[in-house]
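# Structural overview for review
Chain by chain, the residues:
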Amino acid sequence: MRWQKNNDYLVVRIYRDLVGDWVVTQCWGSSGEPGAYSHTLVDSYSDALELLREIGREQRQRGFRRKQSREEQLGFDFS
C-alpha cells in the first residue's frame, strides 16, 4: 500500500521471508530525496494486517491519502 501527502510518501509491504517469518516493511521519504525503511517481524498474517490498519489510521490522521499503485507479484518457485 502507498500513502502520499504532497511529495512525502510511505509504502508498506507485507510478505513472508525465505525462512517463513511474516514481515511488514515500511519505506518512507520525499520524492527526489533518499528515503528510509524499517522491517517489523509479526507472528502471523492477521497480525500483519492489524499493523497495516494501525499504520493506515496514523497516516490518515497526518493528512496522507492512500494512492493506488501497481505492483507486480513475481511467482518464484523455490521448491
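Here goes a summary of the coordinates provided. (Residues numbered from 1 in each chain as written. Predicted model: local features only at pLDDT ≥ 70, side-chain atom pairs only at ≥ 80, totals over all residues. Heavy atoms only, no water.)

What follows deals with the overall build of the protein. The helix and strand inventory of the protein stands at one helix and five strands. Expressed as a percentage of the 79 residues in the protein, the buried residues total 25%. For the protein, the proportion of contacts with a sequence separation of at least 24, taken over those separated by at least 6, is 35%. Accessible surface for the protein amounts to roughly 6,200 Å². Of this, 46% is attributable to carbon and sulfur atoms. (Helix = DSSP H or I, 4+ residues; strand = E, 2+ residues; numbered from the N terminus. Buried < 20%, exposed > 50% of the residue type's maximum accessible area, 1.4 Å probe, protein only. Contact = heavy atoms within 4.5 Å. Areas by Shrake-Rupley, 256 points an atom, 1.4 Å probe, with all protein chains shown as cover.)

To continue, consider the pattern of salt bridges. For the coordinates displayed, the defined rule picks out three salt bridges. One salt bridge in this structure joins glutamate 50 and arginine 53, with 3.2 Å as the shortest N-O distance. A residue pair is termed a helical-turn pair when its members lie 3 or 4 positions apart in one helix, as glutamate 50 and arginine 53 do in helix H1 (residues 45-61) at three residues. For glutamate 58, the salt bridge goes to arginine 62, with nearest N and O atoms at 3.8 Å. Among the ionic contacts, a cluster of salt bridges with common partners joins Glu50, Arg53 and Arg57. (Salt bridge = Lys/Arg side-chain N within 4 Å of Asp/Glu carboxyl O.)

Position of threonine 25 relative to the elements: it lies in strand S3 (residues 22-30). For threonine 25, a relative accessible area of 7% translates into the label buried. Within polar-contact distance, the side chain of threonine 25 engages the side chain of histidine 39 at 2.8 Å. Other than its neighbours up to four places away in sequence, threonine 25 contacts Val11, Val12, Arg13, Tyr15, Ser38 and His39. (Polar contact = N/O pair within 3.5 Å; in protein donor to acceptor, adjacent residues only side chain to side chain.)

A separate point is the pairing of strand S4 (residues 36-42). As paired elements, S3 and S4 share seven bridges and run antiparallel to each other. Bridge pairing in S4 links valine 24 to threonine 40. As consecutive antiparallel partners, S3 and S4 are separated by five residues, and within that stretch glycine 32 has a phi angle of approximately 85 degrees, a positive value. (Pairing = 2+ DSSP bridges.)

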